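Coordinates in review
Here are the chains, one letter per residue:
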Amino acid sequence: MRKRLWAEIDLSTISHNLRQIKKRVGPSVKIMGVVKANAYGHGLIAVSNLLVKEGIDALCVDNVEEGIELRKGGIFIPILILSSFWEEEVDLICNYQLTPTIFEKETAEILSRRALERGRKIKIHINVDTGMGRAGIPYKKAVEFIEEVNKFAGIEIEGIYTHFSSADEEDGKYSSLQISRFQEVVEKLKKRGIDPPLKHIANSAALLNIPSSFNFNCFNAIRPGLLLYGYYPSPLVTRSISLKPSLCLKSRVIFVKRVPPGSFLSYNRTYVTTRSTFIAILPVGYGDGYPRSLSNRGEVLIRGKRFPLVGRVCMNQSLVDTGDIKVKVEDEVVLWGTQGRGKISLEEVALKANTIPNELVTNLSQKVSRVYLGNLPPTRIDS
Ligand SMILES: *Cc1c(COP(=O)(O)O)cnc(C)c1O
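Quick notes on the rules
- Residues numbered from 1 in each chain as written.
- Predicted model: local features only at pLDDT ≥ 70, side-chain atom pairs only at ≥ 80, totals over all residues.
- Heavy atoms only, no water.
- Helix = DSSP H or I, 4+ residues; strand = E, 2+ residues; numbered from the N terminus.
- Buried < 20%, exposed > 50% of the residue type's maximum accessible area, 1.4 Å probe, protein only.
- Contact = heavy atoms within 4.5 Å.
- Areas by Shrake-Rupley, 256 points an atom, 1.4 Å probe, with all protein chains shown as cover.
- Lys, Arg positive; Asp, Glu negative; His and termini not counted.
- Charge placed at Lys NZ, Arg CZ, Asp CG, Glu CD.
- Near = heavy atom within 4 Å.
- Polar contact = N/O pair within 3.5 Å; in protein donor to acceptor, adjacent residues only side chain to side chain.
- Axes fitted to C-alpha atoms, helices over the stretch in contact; angles between N-to-C directions.
- Parallel < 35°, antiparallel > 145°, perpendicular 65-115°, else oblique.
- Left-handed = near helix turned anticlockwise from the far one by under 90°.
- Nonpolar A, V, L, I, M, F, W, Y, C, P; charged D, E, K, R; others polar.
- 1 Å grid on protein atoms, 1.4 Å probe; cavity = no way out; pocket = protein on both sides within 12 Å on 5 of 7 lines; lining within 4 Å.
- Points joined across faces, edges and corners; volume = space filled by probe spheres on them.
- Domains from an automatic or database assignment.
- Phe/Tyr/Trp six-rings, centres within 6.5 Å; stacked < 30°, edge-to-face > 60°.
- Lys NZ or Arg CZ within 6 Å of the ring centre and 35° of its normal.

**Notes on the overall build of the protein**
- In terms of helices and strands, the protein carries 12 helices and 21 strands.
- Based on the C-alpha atoms only, the size of the protein along its principal axes is roughly 80 × 45 × 40 Å.
- Expressed as a percentage of the 383 residues in the protein, the buried residues total 54%.
- The contacts in the protein between residues at least 6 apart in sequence include a share of 67% that link residues at least 24 apart.
- Accessible surface computed for the protein: about 17,500 Å², of which carbon and sulfur atoms make up 50%.
- One way to put it: in the protein the 53 positive side-chain charges average out to a point 7 Å from where the 40 negative ones average out.

**Examining the site of the ligand**
- Around the ligand, a shell composed of V34, K36, Y40, L82, R134, H163, N203, S204, R223, P224, G225 and L226 is seen.
- A distance of 2.5 Å separates an oxygen atom of the ligand from a polar side-chain atom of Y40.
- Taking L226, its main chain carries an N or O atom lying 2.9 Å from an oxygen atom of the ligand.
- Out of a free accessible area of 390 Å², the ligand has 89% covered by protein chains.

**Topic: the side chain of H16**
- Mapped onto the fold, H16 is located in helix 1 (residues 11–25).
- When its relative accessible area of 14% is taken as the criterion, H16 is described as buried.
- Beyond its immediate stretch of four places on either side in the chain, H16 contacts S242, L243 and K244.

**Some points on the packing of helix 1 against helix 3 (residues 44–53)**
- Close contact between helix 1 and helix 3 brings their axes to 10 Å; oriented N to C, the two are set at 45°. Judged by the angle between their axes, helix 1 and helix 3 are oblique. Our pair here, helix 1 against helix 3, has a crossing hand that is right-handed. Contacts between helix 1 and helix 3 involve L11, I14, S15 and L18 from the former and V47, L50 and L51 from the latter.
- For the contact of helix 1 with helix 3, the per-class residue count stands at 6 nonpolar, 1 polar and no charged.

**A word on empty space enclosed by the protein**
- Taken as a whole and judged by the stated rule, the model has 1 cavity of 30 Å³ or more.
- Taken as a whole, the largest cavity holds about 40 Å³ of empty space.
- Lining the largest cavity are Y290, L294, G298, E299, L335, I344, E348, V349 and K352.
- Here the lining of the largest cavity gets 3 residues from one element, more than from any other, and that element is helix 11 (residues 346–352).
- Residues that form the lining of the largest cavity fall into these classes: 5 nonpolar, 1 polar and 3 charged.

**Points about helix 4 (residues 64–72)**
- What helix 4 keeps buried is the set V64, E66, G67, I68, L70 and R71.
- Against helix 2 (36–40), helix 3, strand 3 (58–61), strand 4 (79–81) and helix 5 (90–95) lie the buried residues of helix 4.
- Two to three positions downstream of the cap, the backbone nitrogen of E65 sits 3.1 Å from a side-chain oxygen, assigning the N-cap of helix 4 to N63.
- Where helix 4 ends, the next residue or the one after it, G74, has phi of about 90°, a positive value.

**Side note on the environment of I77**
- One can find I77 in the loop between helix 4 and strand 4.
- On the accessibility criterion, I77 (17% relative accessible area) is buried.
- In contact with I77, other than residues within four places in its own chain, are V52, I56, D57, A58, L59 and R71.

**Focus: the domain arrangement of the protein**
- What the domain assignment reports for the protein is domain 1 (11–229) and domain 2 (247–344).
- Computed over C-alpha atoms only, the centres of domain 1 and domain 2 are separated by 42 Å.

**What about the packing of aromatic side chains?**
- Counted under the stated rule, the structure contains 2 aromatic pairs.
- Geometrically, the ring pair formed by Y40 and Y229 is stacked, given 4.9 Å between the ring centres and 25° between the ring planes. Here Y229 lies in helix 10 (residues 226–229) and Y40 lies in helix 2, a separation of 189 residues in the sequence. As far as the burial class goes, Y40 and Y229 line up, both buried.
- Residues F182 and F219 carry aromatic rings whose centres are separated by 5.7 Å and whose planes lie at 40° to one another, so their mutual orientation is tilted. Remark: F219 occurs in the loop between helix 9 (204–209) and strand 10 (221–222) and F182 occurs in helix 8 (residues 173–191); sequence separation between them is 37 residues.
- Classification of F182 as buried rests on a relative accessible area of 0%.
- Lying across the ring of F264, R269 places its NZ or CZ 5.8 Å from the centre.

Given below as structure tokens:
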């Protein structure tokens with residue numbers, strides 16, 4: 001069936017982005033690729049298989065369910081669970097050999113007990129809250145806590161990490177404060193004979209903005225997400241890594257009409273034509289994950305040229321004013337990505353939609369087919 005909306009994902013760009021990240025951090029820093037939320041909408045298994053093939057050291061997901069999906073998809077490298085888990089998931093964590101994040105003593109106790117029942121040790125990472133204010137053991141209590149956890153016979157502390165709150169801002173003061181709090185925890189632990197092999201802080205923004213957050217001597221692992229997919233987290237980051245965007249969102253014109261001056265278009269009459277003009281209807285809307293906030297603000301590419309979205313973006317339809325140009329039904333439309341000489345970056349769309357690139361790619365509906373180019377055999381689009 002002819003697709004109304006699809007995402008073309010060029011996997012070779014993800015290989016490129018990973019290599020650029022490696023170049024930035026050096027060969028000795030471990031890379032734990034973040035593939036939560038269906039690999040930021042790019043397809044969990046396809047992306048993860050590629051990252052494994054490219055020699056990534058570990059993967060990070062949000063929760064146990066995602067970890068199990070990876071194992072069932074044939075991924076056998078270490079998988080770190082970033083969020084908390086339910087007690088009933090402890091057996092799954094053991095069975096599927098997932099690496100949980102711990103920041104509560106009770107949880108550590110249960111894990112240790114269940115691991116010992118299986119005659120095993122379970123590897124864990126500890127999340128220290130140095131100022132993100134989300135999950136994690138508060139940094140002031142971290143040393144004492146980790147000493148306690150270290151005593152559990154069924155647990156092996158493989159890693160310790162913290163997460164930046166504001167790495168995508170220009171002013172690095174708060175990030176520096178977080179680094180120094182984390183560093184202090186690491187040093188105090190070392191003095192007490194505890195030195196987890198992996199110590200990590202850097203997310204995508206930090207890899208661009210904060211070189212002191214990764215280095216082999218101290219913070220010897222990183223957790224990039226967004227960069228792998230080829231997008232810059234905010235307009236305020238330095239573009240110190242050269243990226244290739246991996247997802248191009250495409251559609252086709254489904255209807256074309258000519259309207260006279262004074263025509264109201266779409267819900268609530270937010271747009272009225274001032275001249276005779278061609279209007280193209282696209283089969284895409286907020287129900288597909290294309291944000292309604294682009295109403296009267298967004299642009300799309302048709303025949304390599306930019307045209308404005310006019311009127312409200314509807315649930316499954318949008319309108320484009322093509323002026324004097326009579327585009328045709330079935331003409332390809334690019335909502336973000338490149339077409340001929342035209343380019344609309346995801347970052348630009350995110351700014352116009354008043355959000356971040358992450359939200360746009362993760363909001364793409366499951367119904368939107370992912371069509372892979374590059375390392376996988378290309379899927380026919382029109383079959
Ligand atoms: C999502 C997440 C990351 C990756 O963030 P990016 O900004 O996409 O690189 C890293 N660490 C933690 C704890 C996260 O939740």
